Amino acid sequence: GFVEFNKFFTQIIDRFEMSKSQNVEFIRLLPEKSYFVDIDTDKLTQVIDNIISNALKYSPDGGYIRFGFTVHDNMLRVMISDDGMGIPKENVARIFDRFYRVDRARARSMGGTGLGLAIAREMIEAHGGKIWAESEEGQGTTIFFTLPYELDEAGDWE
Ligand code: ATP
Ligand code: MG
C-alpha cells in the first residue's frame with residue numbers, strides 16, 4: 001500500500017537514533033514535501049535497517065550518518081552515508097552479491113553473514129528501483145536506492 005515516504009523513513013531513523021549505543025550523530029536532510037511510495041513496508045524496513053546497521057557498524061567514534069532523499073528522473077533517490085572506513089574501489093559493486101564481505105578479518109570482527117545487501121538489492125528491484133554504492137577508502141560510504149513515487153496517495157487517478 002501507499003505510505004508517505006518522509007514519515008516512513010523518519011520512523012526508522014528515530015528507532016535507530018533512540019537505541020544506538022555508538023557515539024555517532026545522525027543528520028537528516030529530508031524534504032517536507034509529500035511523496036507517496038507503494039511499498040511492502042516490512043520489506044522496505046528490512047532494507048533500510050540493514051543499510052543503517054552497516055553504516056553504524058563501520059562508523060568511527062564521533063562520526064556522522066547522513067540521511068536524505070531527492071527526486072531524480074521521476075524516482076525518489078534515497079541516500080544514507082557514513083564517514084567510516086569505506087570500501088576499496090574494486091570491491092564496491094560486489095557488496096550486493098550474496099555472502100560477499102570486503103575482507104575476512106573485518107568480517108570476523110564485525111559479525112553478520114554478508115546477505116543483508118543482497119536481500120536489499122532483491123527487494124529494491126522487486127519494487128522497481130535500483131540500489132548502488134559510492135565509496136572512498138578511508139572517507140566513507142554512501143548507499144543510494146531509488147523507488148517510484150506518486151504525489152497523491154491514491155496513485156494514478158485519471
Ligand atoms: P549481514 O547484513 O548479513 O548481517 P553484512 O553486514 O556483512 O552481514 P551486507 O550488509 O550484505 O553484509 O554487506 C556486505 C559487506 O559490504 C559487508 O560485510 C562490508 O564488508 C561491506 N559494507 C557494507 N556496508 C558498508 C559500509 N557502510 N561501510 C563499509 N563497508 C560496508
Ligand atoms: Mg549488513
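Only a predicted model underlies this, so the values are computations on that prediction, with no experimental measurement involved. (Residues numbered from 1 in each chain as written. Chains lettered and ligands numbered in written order. Predicted model: local features only at pLDDT ≥ 70, side-chain atom pairs only at ≥ 80, totals over all residues. Heavy atoms only, no water.)

Student: Describe the layout of surface pockets, with residues and values.
Tutor: The calculated volume of the largest pocket comes to roughly 550 Å³. Forming the walls of the largest pocket are 29 residues, and the residues nearest its centre are Asn50, Asn54, Lys57, Tyr58 and Leu117. Elements that contribute at least two residues to the lining of the largest pocket include exactly α2 (41–57), β5 (75–82), α3 (104–110), α4 (116–126) and β7 (140–148). At seven residues, α2 tops the list of elements feeding residues into the lining of the largest pocket. Of the residues that constitute the lining of the largest pocket, the class distribution is 16 nonpolar, nine polar and four charged. (1 Å grid on protein atoms, 1.4 Å probe; cavity = no way out; pocket = protein on both sides within 12 Å on 5 of 7 lines; lining within 4 Å. Points joined across faces, edges and corners; volume = space filled by probe spheres on them. Helix = DSSP H or I, 4+ residues; strand = E, 2+ residues; numbered from the N terminus. Nonpolar A, V, L, I, M, F, W, Y, C, P; charged D, E, K, R; others polar.)

Student: Now, about unusual backbone geometry: what can you tell me, with residues and values included?
Tutor: Trans peptide bonds make up most of the peptide bonds, and negative phi angles are found at most residues other than glycine. Non-glycine residue Asp73 carries a positive phi angle of around 50 degrees. Within the element layout of this structure, Asp73 appears in the loop between β4 (64–72) and β5. Located in the positive-phi region is Phe99, a residue other than glycine, with phi close to 65 degrees.

Student: Residue-level account of the nonpolar core, with values.
Tutor: Grouped together as the largest cluster of nonpolar side chains are 41 residues, with contacts concentrated most on Phe5, Phe9, Ile48, Phe67, Ile95 and Phe145. Among the elements of the structure, α1 (5–19), α2, β4, β5, α4, β6 (131–136) and β7 are those that each provide at least two residues to this core. Top element by residues in this core is α2. It accounts for seven residues. Leaving out residues up to four positions away in the same chain, Phe67 has contacts with Phe9, Ile13, Phe26, Ile27, Arg28, Leu29, Leu30, Ile52, Met79 and Ile80. (Core = buried A, V, L, I, M, F, W, Y, C linked by side-chain atoms within 4.5 Å. Buried < 20%, exposed > 50% of the residue type's maximum accessible area, 1.4 Å probe, protein only. Contact = heavy atoms within 4.5 Å.)

Student: An account of the coordination of the magnesium ion (ligand 2) is requested, with residue identities and associated values reported.
Tutor: Around the magnesium ion (ligand 2), the donor atoms from the protein are Asn50 (OD1) and Asn54 (OD1), and they sit 2.2 to 2.3 Å away. Of this pair, Asn50 and Asn54 both sit in helix α2, four residues apart, roughly one helical turn. Just as Asn50 is buried, Asn54 falls in that class too. (Donors = N, O, S within 2.8 Å, 3.2 Å for Na, K, Ca; no water.)

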